[in-house]
Each structure stands twice: as C-alpha cells, then as structure tokens.
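If you want the building blocks of each chain, they are given just below.
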Amino acid sequence: MTLAHYLAVSGLLFCIGLFGALTRRNIIGILMGIELMFNAANLNLAAFNRFLAPAGVAGNVVTLFTMAVAAAEIVVGLALIMAIYRNMNTVYAEDINLLKG
Amino acid sequence: MQGLSIPQGLNLLIPEFGLSVMALALMVLDLFFDAKRGKALMALGFVAAGVALGSLGLAYNAPEAYQGLGALWAVDPMALFFKAIILGTTVFVLMLSIDYKPASELRHPGSFTALVLLSAVGMMLLVSATDLLMIFLSLELVSISSFILVGYERRDLKSSEGAIKYFLFGAFSSAIFVYGISFIYGALGTTHLIDIRPLLGEGPALMFLVGCLFLVVGFGFKVSLVPFHFWVPDAYEGAPIPVTTYLSIAPKAAALGVMARVFNHLIPHTQLDMQTLFAVLAVATMTVGNLTAIFQTNVKRLLAYSSIAQAGYMLIGFVTANQLGREGLLLYAFVYVFMNLGVFTVAMAVGNEDGYELEAFDGLCRRNLGLSLLMASFLLSLAGIPPFAGFIGKFSLFAAAVKDGFWWLAVAAVLNSVVSVYYYMKIAYHMFFRNPRTLEPVRTEILVTGTLAVAALGVVVIGLYPEPFIAMAHLSTEFLPVSVPLP
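The text that follows walks through the structure, step by step, so that each part is easy to find. Because the structure is predicted, anything quoted here is derived from the model rather than measured.

Assigned secondary structure in chain B consists of 20 helices and two strands. Against the globule reference of 23 Å for 487 residues, chain B gives a C-alpha radius of gyration of 22 Å, in line with a compact fold. A principal-axis box enclosing the C-alpha atoms of chain B has dimensions of 70 × 55 × 40 Å. When each of the 487 residues of chain B is scored for burial, the buried share is 65%. Sequence-distant contacts in chain B: of pairs separated by 6 or more residues, those separated by 24 or more amount to 81%. As presented, chain B carries roughly 16700 Å² of accessible surface, and 69% of it is formed by carbon and sulfur atoms.

Written out as structure tokens, the structure is:
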C-alpha cells in the first residue's frame, strides 16, 4: 500500500459523496453524501500524516477534530429534519419549496 | 505538572473565554427561568457582549499588553477591528431580539442568547486564527450555531425550511473545506499558516493550489459570494428577523476578515496568481446580487440579495491585497454595520405587524414619518449616494481598485451601484408615493428606537465627517506577525 492507493480511494470516496449530495432527493441521502465527503478528507489527512510527516501528529489531530465536528453538525441536521418532518410529513427535497427565489 | 503548560498568549483571548462561559451559563439558567422573566436572560447576554466590546477598547489602548501572537492565533489591530464589528453587531441584535416579540411568545430566550453569543465567539476566534485547524473549528462554531438560530421558530414552516437549506449548503461547503485542508497539509506537512511561506519554495505545488481553491469555496459560502449564494435568500427569509440582521452583517465581516488574513497576508493571493479569480468573483457577486434584487417583492429577500451585492463590493478591497484596499474594506465593513442594521431594524418594526411584502411599506410616511425618513437615508447610504456614509466607503474601495490598476473592477462596481439605486428607491417609492392600506401609526419599542438612533447617527456622522474613521481604519490594517518569512 502506497500513498497513491490511499489518495485514490479517498478521491473516489469524495466523488461518490459529491455525486450523492448533488443528486439525492431524500435529505437523509444528501446527508450521507456529505458524510462521505468528510470521511474522504479524514482518510486523506491520516494518509498524509502516515506517509509524509510520520514524526508529527497534526494530520491525525485534524482528523479527530473533524470527526467530532461532523458528528455535531449531523446532530443539528437531523434535528432540523425532524422539525421539517413533523411539520410537513416529508423528507424529500423537492417537497420543501415554500420559499422561492 | 509536566506536559500541561499553559499555551503562550492564551490571555489574549480572554473576551472570547468570558463570552463562552456566559453562553454556557445562560443555557443552564434558561432551565430555571420561565418565559415571563426570560427577557432578563437576553439582557444579561446583552450586557456580557457590551462588556466584551468595552474590553476591546482596552486592547486598543495598550497594544503591548493585549496584542500579540498565540500558538494558533494572532490578536492584532486587524483582528481587533473585526472583533469590534462583530461584538457591536451582537449587542444591537440582542437589543432587537428583546423587543422582537412579547415575552409570552418567546421560546427559550436564554438558549437563543447563548447561541448568538457562541456564534459571536466563533467569529471572534475566526478573525484571529492563524492555523487551518483553528479556522475550521471556529467556522464550524459559527455555522452550527447559525443553523439552529435560523430554524429557531420550530413551528414556523418557513423557519425550518430556511434552516435545512442553510444547513445542507453549509455542511456541503465545510466538507469541501476540510478536503482542501487535507490537500494543503499534504502539500506542506503543516496546518500552521505562519510557517507555510518558506515551504512553498519556487512555485506553489498543484496540490497546494487545489487546496487553496477548496478553502475559497468554504469562505465564499460564508461571505455569500456568487456562485455559493443559493442559501442566502431562503435562510434570510425563513429566519426570525433579528437573526437575519445578524447573519447579514457579522459572519460576512468575519469571513472577509479571515480571508484577508489568509490570502492577503499569510499566503498572499498575488503570489498564487489568484488575483483575477477574486476580481471575477467580486464582479459576479455584485452583478448577480443586484440584478436579482430588482425582481424581489419580499423585503427580506430584497435585502438578502442586496447584502450579497454588498459583499461583492467589499471583496474589491480584498482583491487589491494592499494596505489601501484593506483600509477600504475595513471602512466599508464598519459603515455597512450601521446601514444594514438600520434597514433591517425598520423592516422589523414595519414587518412585525404587516408582514414582509413590499406592500407593507405602502404610505409609511403617513403612518410614521420619522421611520420612513430614516429608512430612506439608510437606503441612500446602501446605494452609495452622498452625503451618507455608504458613499465614503464605496469611494475608498473603488479608489483602491483604480490605484492598483483594476479600473475595470471599479467601472463594474460603479455601474452596479447605479443599478442598485433602482431597487433601493423602489422601497422609497412604496413608502412615499403609495397610499397606505391603513392609517394606524407604526409603533416602535424603546430598544428598537435606540438601535435606529445609533444606526442613523453612524450613517450621517461618518458621511459628513469621515476623517477620524478613515484614520481608524488606516491604523487597523496592521497584521501580526509583521513579516511572514519569505520563500
């Protein structure tokens, strides 16, 4: 396993996440796509830390923080989805169209 | 104890710590206060923000004791200026929130205040941050608390919808932001921006440039640059209007502050050949903002697009990446606080009873002449018409662009200002030349009146006597560390 392998996997993960976030109609699906993008970044950071700067820990530290922050963000997102679901009985993005621009 | 030493320069962040503690205390106190006495908690938060604002004055007067470099942060004149803008906005937004609704309709005023304070702390840390990790964390602190604030009226469909849209765009852009951080870390092996310059070597690597572009996406979302602006009108319309006021001023200023620190000082965008990119972003932002604002019939949405356009003007000061440009940016950001605070406060006073459609402003001059005249002066200031403050701000920005050879940027901005006069005056037309549906006078609560008075004073005084404010902005363009090591 070389750095290139890790980068390829994380790039793929990022693209899958990006594709999912942009094309999903279900808000939960969009959230899953965004999580994949976060994880691609985490994988990148850990791999760079391991292969390019094995003496330091900066990459791993950023990874830990990112995980915690992403979890907090998802909690808020799910709470908002709950609020929407209670009011409108839907989690599909195209049904949420009260505000128009 | 070994290994547990206090990081250097921690004392520089005392205002932030104080506010964080206050926010947490307010969340706990919220459990013990019923709705009727809940406004006392808002007042408490208001006082805390005021005290923190006052303590910044101390830092201004005694730079050797209160300014300096920390492990991951720098408290310098530039950061202090933006912190003052952020805290000033916080103070007035809390004032507006106290009068926003009768006590019986408030839901958890303590938590609301706590969230406002926490996002203010996030912004204050953001404008000081010199490390990518610190930037990311403070950006997220701002984002997450603003998501909740936008969706604060849980039973209001519009509020939830605005919040979920804001959230999806926000989470999406922060994922891209972290991906960018990972590339920069991969290219240089550190996240500490002060050490980055010597590592860049001859030309910056491709991976580093890609990382920087991803960072721009993350910042652009917060500043609401076109093409990352889609959430703005929906979030602004859905949010309770004090929150809209807050979002339209503070996070924009803070994100511009950190952009200036990162791309004008630590890794100047002129060295990365990104100057044209930012110039194009600025023109796109003001043009799209202004042209879309023309077609809006809802005041909140109209002001949302107007604030997008205003962000485009402010970006001009960032494009030139020299002291003159930064001076314009600071001056305009300062003026912008008063103008935008003013228009949103009037919109709140009118809209609270009559809704936020443009028709609510019909014949306002016969229902409350003072309010309509104040609104007209704020609108003229936003459009950049002398003798109001907006003119001074725009003039210094455009002059900086021309001096740096970006005459096409200045021409585009002037043309845009002309377009913006049309929709700002559309509101004035509704106020002065349409018949009111009702002659019932519009009442303003005491704190709303106070906010309006301060905003009006700012807009008029800076417009007529700008010298001390220009001098203040000039003094505040300094960064720490003074010289970043060159490659």
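This part is about the pattern of salt bridges. All names here are of chain B. Scanning the model with the defined rule gives eleven salt bridges over all chains in all. Asp76 is paired through a salt bridge with Arg261; the nearest N and O atoms lie 2.9 Å apart. With Asp76 in the loop between β2 (74-75) and α4 (77-100) and Arg261 in helix α11 (residues 241-266), this residue pair connects regions lying 185 residues apart in the sequence. What makes Asp76 buried here is its relative accessible area of 0%. Between Glu161 and Lys165 there is a salt bridge, with the nearest N and O atoms lying 2.9 Å from each other. Taken as a pair, Glu161 and Lys165 lie in helix α7 (residues 157-188) at a separation of four residues, close to a single helical turn. Looking at Lys165, the relative accessible area reads 18%, which means it is buried. Via salt bridges that share partners, Lys158, Glu161, Lys165, Asp234, Glu237 and Arg301 belong to a single interconnected network.

This brings us to the environment of Ser381 of chain B. All names here are of chain B. Looking at the secondary structure, you find Ser381 in helix α16 (residues 369-383). Residue classification places Ser381 among the buried positions, given a relative accessible area of 0%. Counting along the chain gives 90 residues from Ser381 to Ala471, while the straight-line C-alpha distance between them is 21 Å. If sequence neighbours within four positions are ignored, Ser381 has contacts with Met339, Phe388, Ala389, Gly390, Phe391 and Val459. Of note is the side chain of Ser381, whose polar atom sits 3.0 Å from the backbone nitrogen of Gly390.

Residues and elements named next belong to chain B. Counted by the stated rule, this structure contains 27 aromatic pairs over all chains. Relative to Phe177, the ring of Phe136 lies with its centre 6.4 Å away and its plane at 15°, an arrangement referred to as stacked. Highlighted residues: Phe136 in helix α6 (residues 132-150) and Phe177 in helix α7, separated in sequence by 41 residues. Of the residues examined, Phe177 reaches a relative accessible area of 0% and is grouped as buried. Ring centres of Phe263 and Phe278 lie 5.8 Å apart, and the angle between their planes is 50°; this geometry places the pair in the tilted category. Of the two residues, Phe263 sits in helix α11 while Phe278 sits in helix α12 (residues 275-293), which places them 15 residues apart along the sequence. Each member of the pair Phe263 and Phe278 is classed as buried.

Residue and element names in this part refer to chain B. In this structure, Ile135, Phe263 and Phe361 are the most contacted members of the largest nonpolar core, which totals 216 residues. Here the element with the most residues in this core is helix α14 (residues 323-354); it accounts for 19 residues. The residues touching Phe361, leaving out its near neighbours within four places in the chain, are Val299, Val346, Ala347, Val350, Met375, Ile427, His430 and Met431.

Interfaces are often sized by the accessible area lost when the parts come together. Across the boundary between the two partners, chain A contributes 43 residues, which contact 38 residues of chain B. For the pairing of chain A and chain B, the buried interface totals around 3600 Å² over both sides, and the portion due to carbon and sulfur atoms is 80%. When the buried surface of chain A facing chain B is broken down by residue, Glu73, Leu80 and Leu99 of chain A rank first, second and third, together holding 20% of it. Linking chain A to chain B there are zero salt bridges. At the level of elements, α1 (3-23), α2 (27-51) and α3 (58-88) of chain A are the ones that each hand at least two residues to the side of chain A that touches chain B.

In this section: a nonpolar patch on the surface. Residue and element names in this part refer to chain B. Residues Met27, Val28, Leu29, Leu31, Phe32 and Leu44 make up a contiguous nonpolar surface patch of about 570 Å² in total accessible area. Considering every element that reaches the nonpolar patch, the biggest residue donor is helix α1 (residues 14-30), with three residues. Of note, Val28 is situated in helix α1. Owing to a relative accessible area of 47%, Val28 belongs among the partly exposed residues under this scheme.

All names here are of chain B. One can describe the packing of α1 onto helix α2 (residues 38-61) by two numbers: an axis separation of 10 Å at closest approach and a directional angle of 175°. Put simply, α1 runs roughly antiparallel to α2. Across from Pro15, Leu19, Met22, Leu26, Leu29 and Asp30 in α1, the residues of α2 making contact are Leu41, Leu44, Gly45, Ala48, Ala49, Ala52 and Ser55. Among the residues forming the contact of α1 with α2, the class breakdown is ten nonpolar, two polar and one charged.

As a further point, take the environment of Ala71 of chain B. Residue and element names in this part refer to chain B. Positionally, Ala71 belongs in the loop between β1 (68-69) and β2. Considering only alpha carbons, one finds Ala71 and His229, 158 residues apart in sequence, at a separation of 33 Å. If we skip the residues at most four places from it in the chain, Ala71 touches Gln8 and His192.

With that settled, the discussion passes to the side chain of Lys252 of chain B. Residue and element names in this part refer to chain B. Structurally, the position occupied by Lys252 is in helix α11. Look at Lys252: it is buried, it has no salt bridge, and the nearest opposite charge is Asp234 at 14 Å. Of note is the side chain of Lys252, whose polar atom sits 2.6 Å from the side chain of Ser224.

Another point: a positive patch on the surface. A cluster of basic residues, Arg86 of chain A together with Arg107, Arg154 and Arg155 of chain B, forms a positive patch on the protein surface. Mapping Arg107 of chain B onto the fold places it in the loop between α4 and α5 (109-128). Assessed through its relative accessible area of 32%, Arg107 of chain B is described here as partly exposed.

On to helix α18 (residues 407-433) of chain B. For α18 of chain B, built from 27 residues, the straight-helix expectation of 39 Å at 1.5 Å per residue is met to within 8% by its first-to-last C-alpha distance of 38 Å. Of all bends in α18 of chain B, the biggest is about 25°, found at Ile427 of chain B.

In this section: unusual backbone geometry. Residues and elements named next belong to chain B. Cis geometry marks the peptide bond from Val226 to Pro227; its omega dihedral reads 5°. Position of Pro227 among the secondary structure elements: in the loop between α9 (206-223) and α10 (231-238). Cis rather than trans, the peptide bond between Pro386 and Pro387 has omega equal to 10°. Inspection of the secondary structure assignment puts Pro387 in the loop between α16 and α17 (389-403). One non-glycine residue with positive phi stands out, namely Asp273, at about 60°. Secondary-structure assignment places Asp273 in the loop between α11 and α12. For Ala321, which is not glycine, the phi dihedral falls at a positive 55°.

About the cut-offs
Residues numbered from 1 in each chain as written. Chains lettered and ligands numbered in written order. Predicted model: local features only at pLDDT ≥ 70, side-chain atom pairs only at ≥ 80, totals over all residues. Heavy atoms only, no water. Helix = DSSP H or I, 4+ residues; strand = E, 2+ residues; numbered from the N terminus. Rg over C-alpha atoms; globule rule 2.2 N^0.38 Å. Buried < 20%, exposed > 50% of the residue type's maximum accessible area, 1.4 Å probe, protein only. Contact = heavy atoms within 4.5 Å. Areas by Shrake-Rupley, 256 points an atom, 1.4 Å probe, with all protein chains shown as cover. Salt bridge = Lys/Arg side-chain N within 4 Å of Asp/Glu carboxyl O. Polar contact = N/O pair within 3.5 Å; in protein donor to acceptor, adjacent residues only side chain to side chain. Phe/Tyr/Trp six-rings, centres within 6.5 Å; stacked < 30°, edge-to-face > 60°. Core = buried A, V, L, I, M, F, W, Y, C linked by side-chain atoms within 4.5 Å. Buried area = accessible area lost by both parts, 1.4 Å probe. Patch = residues over 30% accessible without salt bridge, like charges linked within 9 Å, V, L, I, M, F, W, Y side chains within 5 Å. Axes fitted to C-alpha atoms, helices over the stretch in contact; angles between N-to-C directions. Parallel < 35°, antiparallel > 145°, perpendicular 65-115°, else oblique. Nonpolar A, V, L, I, M, F, W, Y, C, P; charged D, E, K, R; others polar. Lys, Arg positive; Asp, Glu negative; His and termini not counted. Charge placed at Lys NZ, Arg CZ, Asp CG, Glu CD. Expected span 1.5 Å × (residues − 1). Bend = angle between axes of the 7 residues up to and from the residue.

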